[in-house]
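Fold and geometry: a report
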Amino acid sequence: KRVINPIYVDLSPPERELYDRVSHYVKNEYWSCRNNNKSILNLLTYQREICSSAYALRCTLEKKKDRSQDLEKILQLTQQLTVSSKLKEVINILDQVEGQVIIFTEYRATQKYIAYFLENAGYSTILFNGGLSSNGKEWIKKIFQNKKDILISTEAGSQGLNLQFCNIIINYDLPWNPMKIEQRIGRVHRLGQSQDVYIYNLATRNTVEEKILNILFRKINLFKQVIGDMKNVLIDFEKGKSIQSNIIKIVGEAEDDNELEEKFNKLVEEELIVD
């Protein structure tokens with residue numbers, strides 16, 4: 001079986017201030033970009049990274065030249081945060097489970113951040129990302145299987161790896177595409193798996209991430225399907241639409257939480273068809 005555990009994490013007051021500032025900035029800049037026909041790629045990155053870790057956003061902003069006053073303030077706030085509420089929840093999960101664990105994140109910066117704190121907490125970790133050669137990937141797999149407690153992987157580990165000796169997955173952050181969740185789970189829930197597979201999906205409460213978890217998974221009954229029979233879920237990208245761009249459009253244009261909810265529901269109807 002697949003046992004799905006959605007976990008909603010409350011942000012600390014400093015984390016909430018940072019999240020609200022980023023969302024406010026994204027909202028304001030969205031209209032500026034739209035009116036001036038500019039790319040919203042940076043805004044998409046900021047909104048996604050803040051749902052992953054302050055450290056991921058910090059690394060992105062530190063590389064950016066000519067930061068505005070607003071971005072400077074956001075950068076300062078990221079530098080003041082140490083252990084995130086989400087990371088504390090990961091440690092709670094690790095204290096309750098037995099066996100090896102795979103933690104998935106979309107960002108290398110978050111990957112390094114998680115590894116740093118878990119190593120300091122006494123866990124043995126190893127990293128898997130797209131920078132590895134084919135031989136390197138196999139080597140990492142063997143080291144994890146034989147010597148390490150936790151594999152921390154980016155999306156590079158969601159395809160081509162067979163890890164059925166492990167049966168616990170923590171999705172530290174959520175891809176804005178449910179098919180990628182299935183790819184992650186497919187690393188362990190596959191032929192040769194002899195145990196139930198436990199999946200912990202983390203989402204920060206009262207954020208875009210929570211909306212995605214609620215609407216893209218719960219409201220279309222993907223939890224009942226155990227995010228499982230994905231052949232029953234069709235995502236139409238062929239009309240030139242991007243679910244990520246649509247999400248950032250919703251964030252930019254919604255006037256309040258009610259409209260945000262309404263627009264997310266409409267997105268599900270337009271983008272996802274459940275058979």
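Rules of the game
Residues numbered from 1 in each chain as written. Predicted model: local features only at pLDDT ≥ 70, side-chain atom pairs only at ≥ 80, totals over all residues. Heavy atoms only, no water. Helix = DSSP H or I, 4+ residues; strand = E, 2+ residues; numbered from the N terminus. Contact = heavy atoms within 4.5 Å. Expected span 1.5 Å × (residues − 1). Buried < 20%, exposed > 50% of the residue type's maximum accessible area, 1.4 Å probe, protein only. Arc of directions from axis to C-beta. Core = buried A, V, L, I, M, F, W, Y, C linked by side-chain atoms within 4.5 Å. pLDDT = per-residue confidence, 0-100. Lys, Arg positive; Asp, Glu negative; His and termini not counted. Salt bridge = Lys/Arg side-chain N within 4 Å of Asp/Glu carboxyl O. Polar contact = N/O pair within 3.5 Å; in protein donor to acceptor, adjacent residues only side chain to side chain.

Let's shift gears to the environment of N5. Along the chain, N5 falls in strand 1 (residues 2-9). Sequence separation between N5 and L202 is 197 residues; the distance between their C-alpha atoms is 8.6 Å. Not counting residues within four places of it along the chain, the set of residues in contact with N5 comprises Y198, I199, Y200 and N201.

Two residues of an α-helix separated by three or four positions point the same way, owing to the 3.6 residues in each turn. Here helix 4 (residues 69-80) is twelve residues long and its end C-alpha atoms lie 17 Å apart, about the 16 Å a rise of 1.5 Å per residue gives. Listed as buried for helix 4 are L71, I74, L75, L77 and T78. Taken around the axis of helix 4, the buried residues stretch over an arc of 160°, which confines them to a single face. Within helix 4, the exposed residues directed more than 90 degrees away from the buried face are Q69 and Q80. Elements that come into contact with the buried residues of helix 4 comprise helix 1 (13-35), helix 2 (41-52) and helix 3 (54-63).

Okay, the nonpolar core next. Within the largest apolar cluster, 31 residues are counted, with the highest numbers of intra-cluster contacts made by V22, Y46, I74, V208, I247 and F264. Secondary-structure elements contributing two or more residues to this core are helix 1, helix 2, helix 3, helix 4, helix 9 (208-218), helix 10 (243-253) and helix 11 (257-271). Ranked by residues supplied to this core, first place goes to helix 1 with seven residues.

Moving on to the confidence of the model for the protein. Per-residue confidence for the protein gives a mean pLDDT of 83, with 85% of residues at or over 70. Between residues 226-241, whose pLDDT stays under 50, and residues either more than four places distant or in other chains, the model counts 40 contacts.

Of note, S53 is situated in the loop between helix 2 and helix 3. Through-space distance from the C-alpha of S53 to that of I114 is 9.4 Å; in sequence the pair is 61 residues apart. In contact with S53, other than residues within four places in its own chain, are T110 and Y113.

A few words on the side chain of E210. Summarising the element assignment, E210 is placed in helix 9. Buried and unpaired, E210 has R205 as its nearest opposite-charge partner, separated by 4.5 Å. A polar contact is formed between the side chain of E210 and the backbone nitrogen of N206, at a distance of 2.6 Å. Every residue in contact with E210, bar those within four places of it in the chain, is listed here: Y8, A203, T204 and R205.

The backbone phi angle of N37 is positive, close to 55°, even though this residue is not glycine. Structurally, N37 is set in the loop between helix 1 and helix 2. Residue class for N37 comes out exposed when judged on its relative accessible area of 74%. Despite not being glycine, D66 shows a phi value in the positive range, around 55°. Relative to the elements of secondary structure, D66 occurs in the loop between helix 3 and helix 4. Judged by relative accessible area, D66 falls into the exposed class, the value being 75%.

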